[in-house]
Amino acid sequence: MTQDLDRTDRQLLRLLQKDGRTPNAELAEKAHISPATCHRRVQRLLGGGYVRDIRAQLDPAKLELATLAIVGVVLDRSTPDSFAAFEQAARDMPAVLDCYLVAGDFDYFIKIRVRDMADFNRLHAARLIALPGVRQTRTFFVMKEVVDNRALDI
């Protein structure tokens, strides 16, 4: 389906990725197309699912959520039902920013933001180890975010 994207579509996607609030007239000018054409193309890209979401990227430190942890999770069983139960429980936990099913030593990696270590300890004791089917967790605390949420290279 990406073969349906021409150079202008890719330029519009890059611009939207950089700032999803860019007004249509400014997008059109930067992409060297008319505002009407720009609007139609953006609507087609949105309708085609190329853009999943447009939202603000918040500063975790200013919101007292500066502690970032990556938690490796091993389930006690590798069955479709145990995966589905774990995934639903992860979706229902507001502290979970991302959850990935992975190959290797862990079944899942989850990315969690909390205020501090004490906040993580409370979350770990009350929620993480109680997630369905969890046999083992291993937590990695992020010391420095070197690359975070980089725009896709299109």
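Conventions used here
- Residues numbered from 1 in each chain as written.
- Predicted model: local features only at pLDDT ≥ 70, side-chain atom pairs only at ≥ 80, totals over all residues.
- Heavy atoms only, no water.
- Pairing = 2+ DSSP bridges.
- Helix = DSSP H or I, 4+ residues; strand = E, 2+ residues; numbered from the N terminus.
- Axes fitted to C-alpha atoms, helices over the stretch in contact; angles between N-to-C directions.
- Buried < 20%, exposed > 50% of the residue type's maximum accessible area, 1.4 Å probe, protein only.
- Core = buried A, V, L, I, M, F, W, Y, C linked by side-chain atoms within 4.5 Å.
- Contact = heavy atoms within 4.5 Å.
- Parallel < 35°, antiparallel > 145°, perpendicular 65-115°, else oblique.
- Nonpolar A, V, L, I, M, F, W, Y, C, P; charged D, E, K, R; others polar.
- Salt bridge = Lys/Arg side-chain N within 4 Å of Asp/Glu carboxyl O.

Chemist: Could you give an account of the sheet that holds strand β3 (residues 108–114), naming the residues involved and the relevant values?
Modeler: The strand order across the open sheet formed by 4 strands is β2-β3-β1-β4, and the pairing between neighbours is antiparallel. Both edges of this open sheet fall to β2 (96–101) and β4 (134–141), since each of them pairs with a single strand only. Averaged over all pairs of adjacent strands, the angle between strand axes in this sheet comes to 20°, irrespective of strand direction. Sheet topology places strand β1 (residues 67–75) next to β3; 7 bridges connect them, and they run antiparallel. The residue of β3 that forms the bridge with G72 is F109.

Chemist: Kindly report on the pairing of β1, identifying the contributing residues and their values.
Modeler: Most of β1 sits out of view: 8 of its 9 residues are buried. Bridge count between β1 and β4: 7 bridges; the pairing is antiparallel. The partner of V74 across the bridge, within β4, is Q136.

Chemist: Lay out the nonpolar core in plain terms, naming residues and giving numbers.
Modeler: If you look at the biggest cluster of nonpolar residues, it comprises 20 residues, and the most contacted ones within it are V73, F86, I110, I112 and L128. Secondary-structure elements contributing two or more residues to this core are β1, α4 (80–91), β3 and α5 (117–126). Residues in contact with V73, not counting those within four places in the same chain, are F86, F106, D107, Y108, I110, V134, Q136 and T137.

Chemist: Describe the packing of helix α2 (residues 24–31) against helix α3 (residues 35–47), with residues and values.
Modeler: Look at α2 against α3: their axes get within 8 Å of each other, and the N-to-C directions meet at 100°. Of the possible angle classes, the one that applies to α2 and α3 is roughly perpendicular. Facing α2, whose interface residues are N24, L27 and A28, α3 presents P35, C38, H39 and V42. Residues that form the contact of α2 with α3 fall into these classes: 5 nonpolar, 2 polar and no charged.

Chemist: Can you lay out the pattern of salt bridges for me, pointing to particular residues and giving the numbers?
Modeler: This model, assessed by the stated rule, comprises 13 salt bridges. Note that R41 is salt-bridged to D9, the shortest N-O span being 2.8 Å. Of this pair, R41 sits in helix α3 while D9 is found in helix α1 (residues 7–18), placing the two residues 32 residues apart along the sequence. Taken as a pair, R41 and D9 share a single burial class, namely buried. Of the charged contacts in the structure, one is a salt bridge between D76 and R77, with a shortest N-O distance of 3.6 Å.

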